[in-house]
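Summary of the model geometry
Now for the letters of each chain:
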Amino acid sequence: MRWCGSPEHRIHRRSFLGGTLAGLVSTVNLGGIGLSAAEPTIAPLRQRGKQVIFIWLAGGSSQFETWDPKPGRDTGGPFRTIGTSIPGYHVCELMPNIASRMKHIAVVRSLNTVQSEHEQAADLVSIGRPKEAALDYPEIGVVMSKELAVPDSELPDYVSFFTTSEGRRRPRVGFLGANHSPLLLEKSIRPEDLDPPPGMSEIRHHSREDLRALLSDRFARQQAGSEIVRGYNSAYQKIRGLMRSDHLFNLEKEPLTVRERYGRSPFGQQCLLARRLIEARVPVVKIARGFWDSHHDNFESHRELVPDFDHVFSVLIDDLAARGLLESTLVMVLSEFGRTPVINQDVGRDHFAAAWSVAMAGAGIRGGTIYGQTDADGRAVKDGEANASDLAATIYQAVGIDPRSEYQAGLRPVPLAKEDARVIKEILR
Amino acid sequence: MTAKSWALLLGLLVFGGQKAAAFPRLSRPLPAVVLLNGLLESHWQEQHINPAKQASNEAIFRRAMLDLLGRVPTPSEQEAFATNSSPDRFEKAVQQILSGREFSWYFATVLDDMIQGSAAGNERFLGYLRESLREHKGWDTIFREVLIGPWDNEARKPASVFLESRLKDVDLLTTDVTRSFFGVDISCARCHNHPLVQDWKQDHYYGMVAFLVRTGGGKGSVTEKPEGEAKFTRKHGKEQVAPMMFLTGQKIEEPAKPKLPAPNKPPVYSRRAELVKSAMQDKRFLSQAFVNRCWEYLFGRGLVDPVDQIHSGNPASIPAVFDWLADDFAEHGYDIRRLIALMVTSRAYRMDGTSPPGASAPGPEHFAVSRLRPLTPRQYVTSVIIALGDDQYRSTPEQQAAIDKRLTELMPRFDPRTREFQSSSREALFVSNSDAMAKLFDAKENHLLARLKQLPDHRQRVQAAIMALFGRAPTQAETDHLVKWLTAQTDSKAAVDDLVWALIASAEFRFNH
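What counts and how
- Residues numbered from 1 in each chain as written.
- Chains lettered and ligands numbered in written order.
- Predicted model: local features only at pLDDT ≥ 70, side-chain atom pairs only at ≥ 80, totals over all residues.
- Heavy atoms only, no water.
- Helix = DSSP H or I, 4+ residues; strand = E, 2+ residues; numbered from the N terminus.
- Buried < 20%, exposed > 50% of the residue type's maximum accessible area, 1.4 Å probe, protein only.
- Contact = heavy atoms within 4.5 Å.
- Areas by Shrake-Rupley, 256 points an atom, 1.4 Å probe, with all protein chains shown as cover.
- Core = buried A, V, L, I, M, F, W, Y, C linked by side-chain atoms within 4.5 Å.
- Domains from an automatic or database assignment.
- Phe/Tyr/Trp six-rings, centres within 6.5 Å; stacked < 30°, edge-to-face > 60°.
- Lys NZ or Arg CZ within 6 Å of the ring centre and 35° of its normal.
- Buried area = accessible area lost by both parts, 1.4 Å probe.
- Salt bridge = Lys/Arg side-chain N within 4 Å of Asp/Glu carboxyl O.
- Polar contact = N/O pair within 3.5 Å; in protein donor to acceptor, adjacent residues only side chain to side chain.
- Nonpolar A, V, L, I, M, F, W, Y, C, P; charged D, E, K, R; others polar.
- Axes fitted to C-alpha atoms, helices over the stretch in contact; angles between N-to-C directions.
- Parallel < 35°, antiparallel > 145°, perpendicular 65-115°, else oblique.
- Left-handed = near helix turned anticlockwise from the far one by under 90°.
- Pairing = 2+ DSSP bridges.

With respect to the overall build of chain A
For chain A, the count of helices and strands is ten helices and 16 strands. Within chain A, buried positions represent 61% of all 429 residues. Put simply, of all contacts in chain A between residues at least 6 apart along the chain, 73% involve residues at least 24 apart. Summing over all exposed atoms, chain A offers an accessible surface of approximately 16700 Å²; the carbon and sulfur share of this is 51%.

Observations concerning the overall build of chain B
For chain B, the count of helices and strands is 24 helices and eight strands. With an accessible surface of roughly 22200 Å², chain B has 53% of that area assigned to carbon and sulfur atoms.

What about the nonpolar core?
The biggest cluster of nonpolar side chains holds 116 residues, and the ones touching the most others in it are A:Trp67 and A:Phe309. Each of domain 1 (7–190 + 250–427) and domain 2 (195–243) of chain A gives at least three residues to this core. Residues in contact with A:Phe309, not counting those within four places in the same chain, are A:Ile55, A:Leu57, A:Trp67, A:Met95, A:Ile98, A:Phe267, A:Trp292, A:Ser314 and A:Val333. In terms of nonpolar packing, the next biggest core, distinct from the first, is built from 108 residues, B:Phe211, B:Ala279, B:Leu342 and B:Val344 among them.

Structural notes on the packing of aromatic side chains
Across all of its chains, the model carries 32 aromatic pairs over all chains by this definition. With a centroid separation of 5.3 Å and 20° between ring planes, the pair formed by A:Phe309 and A:Phe313 is classed as stacked. On the criterion of helical spacing, the pair formed by A:Phe309 and A:Phe313 is a turn pair, its members being four residues apart in helix H9 (residues 298–322). For the pair A:Phe309 and A:Phe313, a shared accessibility class is recorded, and that class is buried. One residue, B:Arg510, lies across the ring of B:Tyr380, its end atom 4.7 Å from the ring centre.

Digging into helix H8 (residues 139–148) of chain B
Residue and element names in this part refer to chain B. Among the ten residues that make up H8, eight are buried, leaving the element largely enclosed by the rest of the structure. Of the positions making up H8, those classed as buried are Trp139, Asp140, Thr141, Ile142, Phe143, Glu145, Val146 and Leu147. Where H8 terminates, the next one or two residues include glycine 149, which has phi positive at roughly 80°.

Things to note about the interface of chain A and chain B
On the chain B side, the residues contacting the 54 residues of chain A number 57 residues. Each partner contributes to the roughly 5100 Å² buried at the junction of chain A and chain B, and carbon and sulfur atoms together form 63% of this total. Linking chain A to chain B there are three salt bridges. A:Asp193 serves as the salt-bridge partner of B:Arg413, at 3.1 Å between the closest nitrogen and oxygen. At the boundary of chain A and chain B, one finds twelve residue pairs in polar contact (both at pLDDT 80 or more). Looking at the side of chain A that touches chain B, the elements with two or more residues in it are helix H5 (202–221) and helix H6 (227–244) of chain A. The leading source of residues in the side of chain A that touches chain B is H5(A), at twelve residues. For the side of chain A that touches chain B, a count of residues per class yields 28 nonpolar, twelve polar and 14 charged.

So, the packing of helix H4 (residues 140–147) of chain A against helix H10 (residues 388–398) of chain A
Residues and elements named next belong to chain A. Running from amino to carboxyl end, H4 crosses H10 at an angle of 20°, the nearest separation of the two axes being 11 Å. As far as their axial angle goes, H10 and H4 are roughly parallel. Helix-helix and strand crossings are classified by hand; for H4 and H10 the assignment is right-handed. Of the residues in H10, those touching H4 at Ile140, Val143 and Met144 are Ala392, Ile395 and Tyr396. Residue composition of the contact of H4 with H10, by class: six nonpolar, no polar and no charged.

Points about unusual backbone geometry
With an omega of 5°, the peptide bond running from B:Gly149 to B:Pro150 counts as cis. Inspection of the secondary structure assignment puts B:Pro150 in the loop between H8 and helix H9 (161–164). Along the chain, B:Asp305 connects to B:Pro306 via a cis peptide bond; the corresponding omega equals -5°. By secondary structure assignment, the location of B:Pro306 is in the loop between helix H13 (284–299) and helix H14 (319–331). Of note, A:Asp152 is a non-glycine position whose phi angle comes to about 60°, a positive value. Structurally, A:Asp152 is set in the loop between H4 and strand E5 (158–161). On the basis of relative accessible area, A:Asp152 is assigned to the exposed category, the value being 80%. Even without a glycine there, the phi angle at A:Asp193 is positive, about 60°. For A:Asp193, a relative accessible area of 17% corresponds to the buried category.

Thoughts on helix H11 (residues 202–212) of chain B
The element H11(B) is extensively covered by neighbouring structure, given that ten of its eleven residues are classed as buried. Residues of H11(B) that are buried include every one of B:Gln202, B:His204, B:Tyr205, B:Tyr206, B:Gly207, B:Met208, B:Val209, B:Ala210, B:Phe211 and B:Leu212, and no others.

Observations concerning the sheet that holds strand E6 (residues 183–185) of chain A
All names here are of chain A. Overall, mixed pairing links the eight strands, which are arranged E6-E5-E7-E1-E8-E11-E4-E12 in an open sheet. Each having just a single partner strand, E6 and strand E12 (370–371) make up the two edges of the open sheet. By the bridge criterion, four bridges tie strand E8 (residues 329–334) to strand E11 (residues 356–362) in an arrangement that is antiparallel. Paired with valine 333 across the strands is alanine 359, a residue of E11. Against the sheet, H9 engages strand E1 (51–57), strand E4 (105–111), strand E7 (284–289), E8 and E11, with an angle of about 170° to E8.

Observations concerning the pattern of salt bridges
Scanning the model with the defined rule gives 64 salt bridges over all chains in all. Close ionic contact of A:Asp210 with A:Arg240 constitutes a salt bridge, the shortest N to O distance being 3.7 Å. One end of the pair, A:Asp210, is in helix H5; the other, A:Arg240, is in helix H6, and 30 residues separate them in sequence. B:Arg338 is the partner of B:Asp328 in a salt bridge, and the nearest nitrogen-oxygen pair spans 2.7 Å.

Remarks on the pairing of strand E15 (residues 406–409) of chain A
Residues and elements named next belong to chain A. Alignment of E15 against strand E16 (residues 412–415), held across four bridges, turns out to be antiparallel. Paired with tyrosine 407 across the two strands is valine 414, which belongs to E16. Joining the antiparallel neighbours E15 and E16 is a turn of two residues, in which glycine 410 adopts a positive phi near 65°.

Topic: the pairing of strand E1 (residues 215–218) of chain B
Across four bridges, the pairing between E1(B) and strand E2 (residues 221–224) of chain B is antiparallel. Its bridge partner lying in E2(B), B:Gly218 is registered against B:Ser221.

Some words on the side chain of B:Asp497
Turning to its location among the elements, B:Asp497 is positioned in helix H23 (residues 492–504). Not counting residues within four places of it along the chain, the set of residues in contact with B:Asp497 comprises B:Phe441, B:Leu449 and B:Lys453.

Digging into the environment of B:Trp501
You can see B:Trp501 is positioned in helix H23. You can call B:Trp501 buried: its relative accessible area is 3%. Spatially, the C-alpha atoms of B:Trp501 and B:Met437 are 9.6 Å apart, while their sequence positions differ by 64 residues. Sequence-distant contacts of B:Trp501, that is, excluding residues within four places in its chain, are made with A:Arg208, A:Glu209, A:Arg212, A:Tyr236, B:Val431, B:Ser432 and B:Phe441.

Re the side chain of B:Ser270
Within the secondary structure, B:Ser270 is located in the loop between strand E6 (251–252) and helix H12 (271–282). A distance of 3.0 Å separates the side chain of B:Ser270 from the backbone nitrogen of B:Ala273, its partner in a polar contact.

If you want it as structure tokens, here you go:
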């Protein structure tokens, strides 16, 4: 189904009429003024100071070997389960650290997202709705970086890592436009082009930029349509702050004990850097951890991947909590889909979107909540079915962004979350 | 010329208060551009708009070079143009640009963006478009070859790439065909009659799907199945089969099938061919969509805006111009060069960028003032390379191939030209700090810097730099300021490099104006 502002899409008719009836309709958030993306977002109080870390397990992690084990069943695989700090809830034995931190974590075990092809599923989960030919939607993280942006910040609103071979996806900025592009860390954990050209003094760098800005301003003063020059010059102004924040991307600045705690794996380093960025008030950070696409030897690969995830994720949660940042930081663990109940002839599990799990902690999350259920073999959702749009709406709601507020894309009012999305209130505070 | 356009012209001349001497003799029609200008001027009069003055010939020459060849002129080209004293030197230059090989090479990338949208950049498809422009194919021919071929030889085979990349999803195929070629977005009418646009009902959407639903294939081939229907369910209704129906509402009846279809033979009857036939009979949708996209490309905004929203509820901002151009285009064999020449030599394209003093600036939809347009990454990068170069650029195939190689590396680092253009810090960081940019300034291969450094003093350096990069002479105040700036730099060796960097990264170079 495509959204065009029709009442048939189960949205309140008045919200379709937009601003004219805003006084009557609480669902219209005048702060989120879409396409004219240059306009400032007037953040409601409750979303102020909120931040997000996305951990993207690229390729599709197995719910059986993590959050929704089925011990003793044909579909269950060889691992045992262990009890957690929530009475009655067990996780796979590969996650002992997470098991003892469940009071911080909520799990949704009942996702049915239908789409089980990598690219399309990754688009679906990351934009929170099916792709549409006529409208290029932004990724959830991009929307959040706009909505949670800190006014006059020198830092980027969104930093996205993807240094692993799988899940090399740049967040889609969609109709929000290029100035909402995240700072991409693709080659290393340090941004590209952050150092001035070799041999160029700071004075020279400034002096030539001042001249550039002066020439541009003079030129624009006489020109019709010169608003775009303002945006152009402001992009150049912003790089000063980025170049000054060089130290943020330098993990040597962390005490050795902290670095040891996160470990030297790329995932560990990225999570540590994410915490540094969160501490410096960057609103959105995304980390991708690849190699989960286990069509072969699912159990061997999960035996390697899950303990690393268990360790680093737990350290991150502890670190955020110790610094008083967990209250205001949502940590989301996502994949494009889960893996099949059926174990194939290569001892692998294939793509499976009909019944899988995600986990989250921190801002807005009611820790210790296990939402939804799958059947005995994990073949289908038994209770509390949710889709990608519901998940997106829940993510927005968790940090106080009204998922029903709208952007204006041309003539079309576009709600942040799909119009029929249902917030999973049970896992929210 | 149609009776309608004559009537318009006569009306204009009689009621527009023109002198009798300007009255045309019907036996010798006026050049089309005079008609177009007449329509523009009567619109501005009706709207009480005081249009901007004409920009200098040098300014529109640079503007047109960027639009039609995707780059700034070289110093030699600038000089040749400046020393030509003929009163119609701009018209002549446009004709020369359009008849050159470089136009086909570059403008194919513009057509590629128009047709393919976000899927643009396929080398085979681009090759097909370049060849088509070289052969002076009309837009109708390109449209037909993209949709139904024949894909019978190496030159035409890549035309099928458009369909090939959309085979998996008939909704995407339907939406993209309709948006790219007919300037209409009917995707909202998939679930229900369009809530905002009266014209588009579910019947239109599924009528278009019906033309395309049998299209299939894969792995480099596009085929059409002998069977398959577009089915949909109306609100509170039962599932039904949609007949083929073009956007005009014209329905196509499928002929009865022959009793014994030959096995494994492609179907003789093609629904896609019916779509092409309907569009060619109608002319209107095909013609106006292309006219509007070209106008948007050249003026930064469509006569109908947005370009995929051509419907009765969203009329053109200058209806007479839109209708006349669409008629003219269809009547003249969908000749792409003729259309471009008309637009580029028109009064609207020659506008200066400053509003006349005292008057409040007319809205962008009236095209009475030239507005800034960001260069595309291709235009910007090519222009930087050529402007910093050795003035030996003659657009030979070798030179183009060399530039193309660098474009592949550099283009993704720049902000794309979108409807709502936004600059990013990523581009600014790249231009300010990257090795790749520094390399372009490497004096060994950079002859502009070498030339400037050989000049005897800063004053001459400033004048030569502004001329080479901005295509105009500097003002006195500008020269004074920049000479002072150069003198004040502590690192005098690097000062010229930094001046050139500042000019290239400034708005006057980054935007077309």
